[in-house]
Amino acid sequence: MGDQPASDQNRRHATIAIVGLPNAGKSTLLNALLGQKLAATSQIPQTTRTRVRGVVDRGDVQLAFLDTPGVHLPKHALNERMMAHVEQALEEADLLLWVVDADGHLGTGERALAKRLRRLERPVYLLLNKIDLLSKGRLLEKVALYKDLLPFQEIVPVGAKTGVNLDPLWALLERDAAQPGWPYGEEAFTDQTERSLAAEFIREKVLRKTREEVPHGVAVLIERWIETGQENFPEDLDSTGVFIAARILVDRDGHRKILLGSGGEMIKDIRQSAQRELKKVLDRPVRLELFVKVDEGWRDRPDRLDRLEL
Ligand SMILES: Nc1nc2c(ncn2[C@@H]2O[C@H](COP(=O)(O)OP(=O)(O)O)[C@@H](O)[C@H]2O)c(=O)[nH]1
Ligand SMILES: [Mg+2]
């Protein structure tokens, strides 16, 4: 394009997919790279359900990161859609970051993923994450164990949670971003809407507070989003604020009871911490209302999945 300003001619970009097994730390890494929280994270596998895109400009280089759900065997229609998100990200990416929990164990899931990545024939970085949890010696053993699975472009030990070793990673990514131009505007940061971010962070609070029993059967639907001047905007809410009403869908009545907790303590706690986080993320006052509703088998109902944009 001949009419581009001279300063734009050096501009390069790359689309980078972050892939791996559940709980490796992919979403934590995305948040660390962006320097801002965009993706929900928790100890519960399958916290991430869709692709989340975050864009960072560094000098002449624009990097678009795609966070993906952890690779696992589908048990519900929901999981099949989650794996379709992974496939789309793999197809779209110029470069792949395979995140592994270096403190974990190299198993069949990882070998299967290695095979899939090999077929793609794209550059793959192996990121050995959670290095805070292991000694230098064990880290070296892990490198030896993984290095022959694929012809990795790079092997980088990192600590996503503590931000360790991200500078060398940035330098490599900037070096390897080879596509001409910048596909995203300079102000671009994410393709997530405020509504989907709100729903994700409410769901994250549910996962973090309820643990084992409930997580995989939970979805969050934003029912109302009311700005100042609109009908039913609360009179006592600051005019820069937003009123959000969200419905938490659960798979069965037992889960609804757990979510409510005795005397409604649990849902109150979830509401308060979600409201606090949303204030930070949206950078303005937030009033949040939550409702819990049983919707049996929603994970296998395509109409529900569509409505939830999953
Ligand atoms: N100790 C330690 N924990 C981490 C690190 N990175 C992520 N985690 C934790 O691993 C869990 C899974 O992280 P998450 O980003 O949700 O994993 P994902 O499923 O791959 O997206 C969370 O509890 C994180 O806090 C790390 O560098 N060190
Ligand atoms: Mg995740």
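Since the model is a prediction, treat every value here as computed from it, not as a measurement.

K.L.:
Is there a simple way to explain the site of ligand 1 in this structure?
P.N.:
Residues in close proximity to ligand 1 total 18 residues, the closest being Asn23, Gly25, Lys26, Thr28 and Asp132. Within the backbone of Ala24, an N or O atom sits 3.2 Å from an oxygen atom of ligand 1. In this structure, an oxygen atom belonging to ligand 1 sits 3.0 Å away from a main-chain N or O atom of Ser27. Protein chains bury 92% of the 590 Å² of accessible surface belonging to ligand 1 in isolation.

K.L.:
How should the coordination of the magnesium ion (ligand 2) be read in this particular structure?
P.N.:
Between any two of four tetrahedral donors, the ideal angle at the metal is 109.5 degrees; between two of six octahedral donors, it is 90 or 180 degrees. Coordination of the magnesium ion (ligand 2) by the protein is provided by Ser27 (OG) and Thr48 (OG1), with metal-donor distances spanning 1.9 to 2.2 Å. In this pair, Ser27 sits in helix H1 (residues 26-34) while Thr48 sits in the loop between H1 and strand E2 (52-58), placing the two residues 21 residues apart along the sequence. For the pair shown, Ser27 and Thr48 are each scored as buried.

K.L.:
Please clarify how the packing of helix H7 (residues 253-260) against helix H8 (residues 265-282) should be interpreted in this entry.
P.N.:
Each packed pair of helices is defined by two parameters, the angle between the axes and the distance between the axes. It is at 4 Å that the axes of H7 and H8 come closest, and there the two elements cross at 65°. One way to sum up the angle between H7 and H8 is to call them roughly perpendicular. Along its contact with H7, which presents Ile258, Leu259 and Leu260, the element H8 presents Glu265, Met266, Ile267 and Ile270. Class assignment of the residues belonging to the contact of H7 with H8 gives a composition of six nonpolar, no polar and one charged.

K.L.:
Any chance you could explain unusual backbone geometry here in plain terms?
P.N.:
For residues other than glycine, phi is negative in most cases, and the peptide bonds are mostly trans. At Gln46, a position not held by glycine, the phi torsion is positive, near 70°. Within the secondary structure, Gln46 is located in the loop between H1 and E2. Phi angles above zero are rare outside glycine, and Glu121 is one such case at about 55°. Of the residues examined, Glu121 reaches a relative accessible area of 72% and is grouped as exposed.

K.L.:
Before we go on, may I ask you to explain the environment of Arg208 in this structure?
P.N.:
The topology assignment puts Arg208 in helix H6 (residues 194-210). Separated by 62 residues in sequence, Arg208 and Ile270 place their C-alpha atoms 9.1 Å apart. Here Arg208 is in contact with Thr41 and Ser42, once residues within four sequence places are set aside. A polar contact is formed between the side chain of Arg208 and the backbone oxygen of Thr41, at a distance of 2.9 Å.

K.L.:
How do you make sense of the pattern of salt bridges when you look at a structure like this?
P.N.:
When charged atoms on two side chains of opposite charge get close, those side chains can pair. Under the defined criterion, the tally for this structure stands at 31 salt bridges. Across the salt bridge formed by Lys209 and Asp269, the nearest N and O atoms sit 3.5 Å from each other. Remark: Asp269 occurs in helix H8 and Lys209 occurs in helix H6; sequence separation between them is 60 residues. On the accessibility criterion, Lys209 (32% relative accessible area) is partly exposed. A single network of salt bridges, built from pairs that share partners, joins Lys37, Glu204, Lys205, Arg208 and Glu277.

Parameters and conventions
Residues numbered from 1 in each chain as written. Chains lettered and ligands numbered in written order. Predicted model: local features only at pLDDT ≥ 70, side-chain atom pairs only at ≥ 80, totals over all residues. Heavy atoms only, no water. Near = heavy atom within 4 Å. Polar contact = N/O pair within 3.5 Å; in protein donor to acceptor, adjacent residues only side chain to side chain. Areas by Shrake-Rupley, 256 points an atom, 1.4 Å probe, with all protein chains shown as cover. Donors = N, O, S within 2.8 Å, 3.2 Å for Na, K, Ca; no water. Helix = DSSP H or I, 4+ residues; strand = E, 2+ residues; numbered from the N terminus. Buried < 20%, exposed > 50% of the residue type's maximum accessible area, 1.4 Å probe, protein only. Axes fitted to C-alpha atoms, helices over the stretch in contact; angles between N-to-C directions. Parallel < 35°, antiparallel > 145°, perpendicular 65-115°, else oblique. Contact = heavy atoms within 4.5 Å. Nonpolar A, V, L, I, M, F, W, Y, C, P; charged D, E, K, R; others polar. Salt bridge = Lys/Arg side-chain N within 4 Å of Asp/Glu carboxyl O.

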